[in-house]
Amino acid sequence: MMRALMIQGAGSDVGKSLVVAGLARAATRRGIRVLPFKPQNMSNNAAVTVDGGEIGRAQALQALAACAEPHTDMNPVLLKPETDVGAQIVVQGRRVATLRARDYAAMKPKLMTPVLESFERLKARADLVLVEGAGSPAEVNLRANDIANMGFARKANVPVVLVGDIERGGVIAQLVGIKTIIDPDDAAQIEGFIINKFRGDQSLFDDGYRLIEQHTSWRGFGVLPHFARARELPAEDALGLADAHKPGKTRIACLALSRIANFDDCDPLKLEPDVDLVMVRAGDAIPGDARLVIIPGSKSTRGDLAFLRAQGWDIDLLAHHRRGGHVLGLCGGYQMLGRSVTDPEGIEGAAGETPGLGLLDVTTLMTPHKSLTRVDAVHAETREFVQGYEIHIGETKGSDRARPFAFVDGAPEGAMSGDGRVHGTYLHGLFASDGFRRAYLERLGVAASDQRYGGRVEDALDALADHIEAHLDVDGLLALAR
């Protein structure tokens, strides 16, 4: 019998993505065929799927935990913010519109159909579907036409377990408050709760744990201590990006753009022992001792060019380059390195043209077509194999493309400046390729380790599953699924 269980959060960033990933790995190790599912996600950190679409990176990690290929059915609605009030709407892996928040609210009732279609297809392929909610069911102002939390759970008749984050404080009020304000029929769909990110002596919380059970009539499934190795796994939210802080090591700076996208490109670098990866935040200067500055992907290239200039980073970059420093632009960052970015149809915002940084002799024209593909490439300089993916709009042309960054099926990809110190590429995920990462760092004078990044992620997922097995009632959680 195909079953499902939904993990919702008492708030955003309470750790429900990791709880689902850990449960998926734990259940998979028990011989259960598991697939992850998130009806609606909001993230600019996306993964390209086996069927040629895109889903949130967290669902791709959960698929890896379940030893499954990422598929568009795992995240049928993906919202990719482009401005403070608008987002690109991706349905079953394909971009369908760019809408303001109010217009999306009007569209939502139509999206329950594809959400349920994707869910039923997953159920047909699995013994267990682990569903992740979005935000919190406490957002009762969004309950009408909800497809992300209790609206989906009730429609699909999936039992719910709530995750509360004790690290933030107020976890008792979070959980008891949710029981108080949500619709009684929604509350009846919730079977229990998990306390996450605990630090210290758990016995000091025993009374609080019992109080939650008494005031909600929900069953507690355990207290999960803080999982330190979470930093080894891709972060879902750019707000969770942290510096590596390794004083005395070679510094690599990554610009924390306002619409940063696919920011886990740098994750393999932060795990390198001899790399001090610094996320340069708004208002901060680019470190003068950085060996390499990375301009990452962006959901709004022209908007982030304006943001970059507002921080003074354009001046810092030119000074960095004059001092002999290296620059790497990834996807949107590659586009920014050119002489101009033109968007005549207003695909990413207001129509117009924005001057680029001028460090590469290329120009970019935004076009409606979106490239979504997994890529096998060969780095032009080191001849090392690179396995990555492309997820972008825009066509880039210019004389510096005569010096490509890589070759894809023999065709040149990306660009390099005449002095060889500025590189641009549309390839995401390139540093996860161990041979390329080592060779690239060694050309910068960095002593690269021999670690296998993919193996380290797998090991962290196994450790997460062990952590969950040790502290939660996994048998009880799996028994809830129906």
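All of the points below concern the structure found in this document. Owing to the predicted nature of the structure, the values given are computational and were not obtained by experimental measurement.

The subject of this paragraph is the overall build of the protein. Looking only at helices and strands, the protein features 15 helices and 26 strands. By the compact-globule yardstick of 23 Å for 482 residues, the protein fits well, its C-alpha radius of gyration being 23 Å. Dimensions of the protein along its principal axes, counting C-alpha atoms only, are 70 × 45 × 40 Å. By the burial criterion, 62% of the 482 residues in the protein qualify as buried. Within the protein, contacts between residues at least 6 apart in sequence are counted, and of these 74% link residues at least 24 apart. Approximately 18500 Å² of the protein is accessible, and the part contributed by carbon and sulfur atoms is 51%.

Another point: the sheet that holds strand 3 (residues 40–42). As summarised here, the arrangement of the four strands in space is 3-6-7-8, forming an open sheet in which the pairing is mixed. The open sheet has two edge strands, strand 3 and strand 8 (94–100), and neither has a second partner. Ignoring strand direction, the axes of neighbouring strands in this sheet form an average angle of 25°. The pairing of strand 6 (residues 77–81) with strand 7 (residues 86–91) spans five bridges and is antiparallel.

Grouped together as the largest cluster of nonpolar side chains are 58 residues, with contacts concentrated most on Leu255, Ile294, Ile295 and Leu317. Not counting residues up to four positions away in its chain, the partners in contact with Ile294 are Ile252, Ala253, Cys254, Leu255, Cys266, Leu269, Leu328, Leu330 and Phe431. Membership of the second largest hydrophobic core comes to 48 residues, among which are Leu122, Phe193, Tyr209 and Trp218.

What follows is about the side chain of Thr367. Tracing the chain through its elements places Thr367 in strand 21 (residues 363–379). Thr367 sits in the buried class, given a relative accessible area of 13%. In contact with Thr367, other than residues within four places in its own chain, are Ile347, Ile393, Gly394 and Glu395.

Once that is clear, we can look at the packing of helix 6 (residues 171–181) against helix 8 (residues 206–216). One can describe the packing of helix 6 onto helix 8 by two numbers: an axis separation of 9 Å at closest approach and a directional angle of 5°. The angle between helix 6 and helix 8 places the two elements in the roughly parallel class. Along its contact with helix 6, which presents Ile172, Leu175, Val176 and Lys179, the element helix 8 presents Gly208, Leu211, Ile212, His215 and Thr216. By residue class, the composition of the contact of helix 6 with helix 8 is five nonpolar, three polar and one charged.

The next subject is the sheet that holds strand 26 (residues 422–425). The mixed open sheet is built from six strands, whose spatial order is 15-13-16-18-26-25. Strands at the two margins of the open sheet, each flanked by one partner only, are strand 15 (275–280) and strand 25 (415–416). With six bridges connecting them, strand 13 (residues 250–255) and strand 15 associate as parallel partners. Opposite Cys254, over in strand 15, you have Met279 as the bridge partner.

Our next topic: the environment of Tyr104. If you trace the backbone, Tyr104 turns up in helix 3 (residues 101–107). Between the C-alpha atom of Tyr104 and that of Gly312, which follows or precedes it by 208 residues, the distance is 35 Å.

A regular strand places its side chains on the two faces of the sheet in alternate fashion. Of the two faces of strand 26, the one carrying Val422 and Gly424 and the one carrying His423 and Thr425 are both buried. As judged from the four bridges shared by strand 18 (residues 326–330) and strand 26, these two strands associate in the parallel manner. From the neighbouring strand, Leu328 faces strand 26, where its bridge partner is His423. Note that strand 25 and strand 26 share two bridges and pair antiparallel. Within the sheet, the bridge partner assigned to Met416 lies in strand 26 and is His423.

Our focus in this paragraph is the packing of aromatic side chains. Within a pair of aromatic rings, the relevant descriptors are the distance that separates the centres and the angle that separates the planes. Counted under the stated rule, the structure contains 11 aromatic pairs. With 5.1 Å between their ring centres and 90° between their planes, Phe119 and Phe152 make a pair best called edge-to-face. Here Phe152 lies in helix 5 (residues 150–156) and Phe119 lies in helix 4 (residues 112–125), a separation of 33 residues in the sequence. Pair check on accessibility: Phe119 and Phe152 agree, each one buried. Through a chain of ring-to-ring contacts, the aromatic side chains of Phe405, Phe431, Phe436 and Tyr440 assemble into a single cluster.

Most of helix 2 (residues 57–65) is tucked away: eight of the nine residues are buried. Among the residues trailing helix 2, Cys67 stands out with phi positive, at a value near 55°.

Time to look at the pattern of salt bridges. Pairing between side chains becomes possible if they bear opposite charge and their charged atoms approach one another. Counted according to the given criterion, the structure contains 37 salt bridges. A salt bridge links Asp462 to Arg25; its shortest N-O distance comes to 2.8 Å. With Asp462 in helix 14 (residues 453–471) and Arg25 in helix 1 (residues 16–29), the pair connects residues that are 437 residues apart, well separated along the chain. Asp462 gets classed as partly exposed once you look at its relative accessible area, which sits at 26%. Relative accessible area serves as the criterion here: at 4%, Arg25 is assigned to the buried category. Between Asp473 and Arg219 there is a salt bridge, with its nearest N and O atoms 2.5 Å apart. Here the residue Asp473 occupies a position in the loop between helix 14 and helix 15 (474–480), and Arg219 occupies one in strand 12 (residues 219–225), the gap between them amounting to 254 residues. Here Asp473 falls in the partly exposed class, since its relative accessible area comes to 29%. Members of the salt-bridge network, linked through shared partners, are Arg25, Arg29, Glu458, Asp462 and Asp466.

Cut-offs applied
Residues numbered from 1 in each chain as written. Predicted model: local features only at pLDDT ≥ 70, side-chain atom pairs only at ≥ 80, totals over all residues. Heavy atoms only, no water. Helix = DSSP H or I, 4+ residues; strand = E, 2+ residues; numbered from the N terminus. Rg over C-alpha atoms; globule rule 2.2 N^0.38 Å. Buried < 20%, exposed > 50% of the residue type's maximum accessible area, 1.4 Å probe, protein only. Contact = heavy atoms within 4.5 Å. Areas by Shrake-Rupley, 256 points an atom, 1.4 Å probe, with all protein chains shown as cover. Pairing = 2+ DSSP bridges. Axes fitted to C-alpha atoms, helices over the stretch in contact; angles between N-to-C directions. Core = buried A, V, L, I, M, F, W, Y, C linked by side-chain atoms within 4.5 Å. Parallel < 35°, antiparallel > 145°, perpendicular 65-115°, else oblique. Nonpolar A, V, L, I, M, F, W, Y, C, P; charged D, E, K, R; others polar. Phe/Tyr/Trp six-rings, centres within 6.5 Å; stacked < 30°, edge-to-face > 60°. Salt bridge = Lys/Arg side-chain N within 4 Å of Asp/Glu carboxyl O.

Keep in mind these numbers describe shape, not what the thing actually does.
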